[in-house]
Amino acid sequence: MQYVDEVMDYFDKKEGPDVKEFLYRILSKWKLFVFCGILGLGAGYLVSKYTTPVYMMRSSLWVHVDTEETNAKAMFEGYQVKDKANIQNHVEILKSFTLNRKAMENLNWKQSWFKSKLFRNEGLYRKEPFEVVQHEGVNLYQIPIYISQLDKYTYKIKVDGKAEYKDDEIKVKFEEEAFFDMPFKNEYFNFTLKKNQKKINREKNYFFVFNDLDKITLRYIDNMLISAAEKKAELIHLRIDDSEPARGVDYLNELNWVYLQFMLIEKNKKSENTVRFIDSQLKGIVDSLQLAGQSFTNFRSRNRIVDLGQEAGVVVAKMEEIESQLSEAQISLEYYENLLRNLGDANRMKQMLAPSVAGISDSSIGALVAKLTDLYGKREVLSYSVQAKNPSLLILNKEIDLIRQSLDENLKTLVANSQIEVQSLSSRMDKVKAQLARMPKNEQKLNNMKRNFDLNNELYTFLLKKRAEAAIAKASNVSDSQIIDPARLSTIVKTKPNIAINLLIGLLLGLGLPFLIIILREFFNDNIQSKEELRKNTQLPILGTIIHNRYENLLPVFHHPRSSISESFRTLRTNLNYVVPDQPCKIIGIHSTMPSEGKSFASVNLATIIAMNNKKVLLIGADMRKPQIDNIFDLENTVGLSTYLVRYNKWQEIIQESKIKNLDCVSSGPIPPNPAELLENGRLKLFLEKINNSYDYVVIDNAPISMVTDAYITGKLSHANLFVLRQDYSHRDQIDFVNQISEKGNIENVSLILNDVDASSKYGHYSNGKGYYYEEPSQGMLDRLWQKLSSN
């Protein structure tokens, strides 16, 4: 409301008729508002039509989360550890770069095909016109490679764009012909193109790009929304927006599959490590068992021994018992020492066997190992989504340190006890061996062979049992997550563009834009808008309007004689006859109140158009402060008006011929320090008298009158003084300034020219479409329609 009040206050300060004129100007543009409204609706429709559509794909996962604490026995049973997860951890795992990058690799999205259309490129996922086989070597990423099939055997490849190559951005441009099913190789690419169909595809708008999988992975992660359903729910919703529905569906489903595989692999690591260890041990034990059995059988056959004596049997049984105990003690000692060495290494702890595999029945050690392994797993999962200084991660690290410290103390005690036990069993074994040594030689050898066979057989049986248990545990493992709703093409939702919203926005912009422009222009613009406005503020004659020069050169009347701007200068030439007195040599002064209003442009073109009418014309550059004429006509400026006024040259020496017939020029010459004093020394008047009988017209280009006094001096020597005002540039108060100059009589016979008038306005009377004048190039239909609506 405050802005509207300021606008109305502005108009209240003006005269009453101006307010009515403004309102009439608004109402008279109703056709323009209708046109802009329709144009806005059309723009909204075109935006909706040519904007690349975006679709939303969704899927859902069920994640089982253990919320209750489990005791050591429940956590460590059957060689597996049940993960205590938080559902947010699963959300972050799904967002992780590792899993998304793996999904990209599985989908093999190394290239993407497109079809170039008006205003957009259409993806061709699953509809690729050709097959690309990528070879080892350089293949620049993300640069369009256009393919056009020429015949059954050849195609044309065209590349024109920029790409990153060896950490620098390079320009790649080439066009070649190549053969299907044959490698195409150059400095930037190495691939083979194969046809997907037998018939020739003449379409020329196909192109493909080699994808940087890392960057595409990051883009898909940014476009994907993954969230838990509710606080107590065990559902995770995945959503992704993509312009190609099939691509989005495939990506979501592949990511879900990669996630399930990842969780199952993590769950099976313990069982896999156990089976792998037992298999490696069984290879050696099988060979030892076969060798021991064969040796035992052969020895009995050669020596015809059926059974051992009772004493020997007791000794052998005792030795086997001690060896079994010693073997278990050594395995325990080795396990404790390995566990002690690997406490600080999370990766090695994951590969450690469960204590029960090593024959250790200490439940406290099993619980601590299970707890530490569980904490290491949770820390790995949490590290995917948080920073190193995250409070949750710091608390987890502290808990790991406490468990590790407790294990370290227990293991050191167990290692010491195991070492004592091994020493004690070794001593007992030595005594039994000494007892066995006192037996007959054959019985002693047979006892040793039987003992070796029985030991390997027991160890083999034990390992087979443990392997079977580990394999059963692995086979019974299933993922804690399941896909509830996979992504489907039948459930996609189109999210962009929204036609209704685009049409509404287009209509509002179409109606509001012209109104806002008119309001702001009228409120803030203090410049002269039209010839009518100029006429209302002065009684001086307005000789004509000069159309805006849309050509690059500054002499349109000479280079484009049939243009509308040339005709505007012809009208000005004709109107001069009404204000210039009948003199043998008519002197015309061209003035401006400020720079950049176009006085030099008006001077040279007015002089040219008069000369083209078979009149002898002399153009004098009297602006010795900022000369322009020498540049426009490419004149020598070492001599000129200034050198004549200081008596360096005679008047005949400063006149130069131009390239235009009947037009001579006097350049301003070198810039003097005192132009006003030189103009007042009387030599300019003498010069005009000397040339009086040689020219029909003299046109004087003067310096801006509001800035220096030079124009006052030359204006008194002119028969007519034309002031150039520029539309949308000159201020309204400059009209009053020119009126004051005329009223005070400082300069006589003053007239006005309005320069740079818009040819499409109602004051530009020479625009094309009237049938009389040729414009280069002609206006289009929309320009003419806009001009007609504006005139209403």
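1. Re the overall build of the protein chain
In step 1: Along the protein chain, the regular secondary structure elements total 25 helices and 24 strands.
In step 2: Within the protein chain, the fraction of its 792 residues that count as buried is 45%.
In step 3: Looking at the protein chain as shown, the accessible area adds up to about 43,000 Å², and 52% of this sits on carbon and sulfur atoms.

2. Notes on the pattern of salt bridges
In step 1: Using the criterion set out here, one finds 19 salt bridges in the structure.
In step 2: The partner of Glu 175 in a salt bridge is Lys 156, and the shortest N-O contact between them spans 3.2 Å. Here Glu 175, found in strand E9 (residues 168-179), pairs with Lys 156, found in strand E8 (residues 154-165); they are 19 residues apart in sequence, far enough to count as distant.
In step 3: By relative accessible area, Glu 175 is classed as partly exposed at 47%.

3. Concerning helix H17 (residues 564-576)
In step 1: Compared with an ideal rise of 1.5 Å per residue, which puts 13 residues at 18 Å, H17 spans 19 Å between its outermost C-alpha atoms and is within 8% of the ideal.
In step 2: Of all the residues in H17, the buried ones are Ser 564, Ile 565, Ser 566, Glu 567, Ser 568, Phe 569, Leu 572, Arg 573 and Leu 576.
In step 3: Along its buried surface, H17 packs onto strand E17 (542-547), helix H16 (556-559), strand E18 (586-591), helix H18 (599-611), strand E23 (720-726) and strand E24 (750-757).

4. Regarding the environment of Asn 681
In step 1: Looking at where Asn 681 falls in the secondary structure, it is placed in the loop between helix H21 (675-679) and helix H22 (683-690).
In step 2: The class of Asn 681 is partly exposed, set by a relative accessible area of 36%.
In step 3: Taking the C-alpha atoms as reference points, Asn 681 and Val 646, separated by 35 residues in sequence, lie 9.1 Å from one another.
In step 4: Engagement of the side chain of Asn 681 in a polar contact is seen with the backbone oxygen of Leu 678, the distance being 3.2 Å.
In step 5: Within the structure, Asn 681 has its side chain in polar contact with the backbone nitrogen of Arg 683 (distance 3.0 Å).

5. Looking at unusual backbone geometry
In step 1: For the peptide bond that leads from Lys 496 to Pro 497, omega is -5°, which places it in the cis range.
In step 2: Structurally, Pro 497 can be placed in the loop between strand E16 (493-496) and helix H14 (499-524).
In step 3: You will see that Asp 181, though not glycine, has its phi angle at about 65°, which is positive.
In step 4: You can see Asp 181 is positioned in the loop between E9 and strand E10 (183-185).
In step 5: Looking at Asp 181, the relative accessible area reads 49%, which means it is partly exposed.

6. Description of the sheet that holds strand E12 (residues 206-210)
In step 1: Read from one edge to the other, the open sheet built from six strands follows the order E5-E4-E12-E7-E8-E9, with strand pairing classed as antiparallel. Lying at the two open borders of the sheet, with one neighbouring strand each, are strand E5 (120-123) and E9. The mean angle between the axes of side-by-side strands here comes to 25°, regardless of whether they run parallel or antiparallel.
In step 2: Sheet topology places strand E4 (residues 111-117) next to E12; five bridges connect them, and they run antiparallel. Across the sheet, Ser 112 pairs through a bridge with Val 209, a residue of E12.

7. Digging into a negative patch on the surface
In step 1: There is a patch of like negative charges on the surface, built from Glu 164, Asp 167, Asp 168 and Glu 169.
In step 2: Looking at where Glu 169 falls in the secondary structure, it is placed in strand E9.
In step 3: Using a relative accessible area of 62% as the deciding quantity, one classes Glu 169 as exposed.

8. Description of the nonpolar core
In step 1: With 38 residues, the main nonpolar core has Phe 569, Leu 576, Leu 606, Leu 619, Phe 633 and Leu 663 as its most contacted residues.
In step 2: Those residues within four positions of Phe 633 in sequence are excluded, and the remaining contacts are Leu 555, Val 604, Thr 608, Leu 619, Ser 658, Ile 660, Leu 663 and Cys 665.
In step 3: Of all hydrophobic cores here, the second largest spans 33 residues; its members include Tyr 125, Met 224, Tyr 251 and Leu 255.

9. As for the environment of Gly 377
In step 1: Mapped onto the elements of the fold, Gly 377 is located in helix H11 (residues 363-383).
In step 2: Residue class for Gly 377 comes out partly exposed when judged on its relative accessible area of 23%.
In step 3: Along the primary structure Gly 377 and Glu 266 are separated by 111 residues, whereas in three dimensions their C-alpha atoms are 8.7 Å apart.

What counts, and at which threshold
- Residues numbered from 1 in each chain as written.
- Predicted model: local features only at pLDDT ≥ 70, side-chain atom pairs only at ≥ 80, totals over all residues.
- Heavy atoms only, no water.
- Helix = DSSP H or I, 4+ residues; strand = E, 2+ residues; numbered from the N terminus.
- Buried < 20%, exposed > 50% of the residue type's maximum accessible area, 1.4 Å probe, protein only.
- Areas by Shrake-Rupley, 256 points an atom, 1.4 Å probe, with all protein chains shown as cover.
- Salt bridge = Lys/Arg side-chain N within 4 Å of Asp/Glu carboxyl O.
- Expected span 1.5 Å × (residues − 1).
- Contact = heavy atoms within 4.5 Å.
- Polar contact = N/O pair within 3.5 Å; in protein donor to acceptor, adjacent residues only side chain to side chain.
- Pairing = 2+ DSSP bridges.
- Axes fitted to C-alpha atoms, helices over the stretch in contact; angles between N-to-C directions.
- Patch = residues over 30% accessible without salt bridge, like charges linked within 9 Å, V, L, I, M, F, W, Y side chains within 5 Å.
- Lys, Arg positive; Asp, Glu negative; His and termini not counted.
- Charge placed at Lys NZ, Arg CZ, Asp CG, Glu CD.
- Core = buried A, V, L, I, M, F, W, Y, C linked by side-chain atoms within 4.5 Å.

Taken by themselves, the reported measurements are silent on function.
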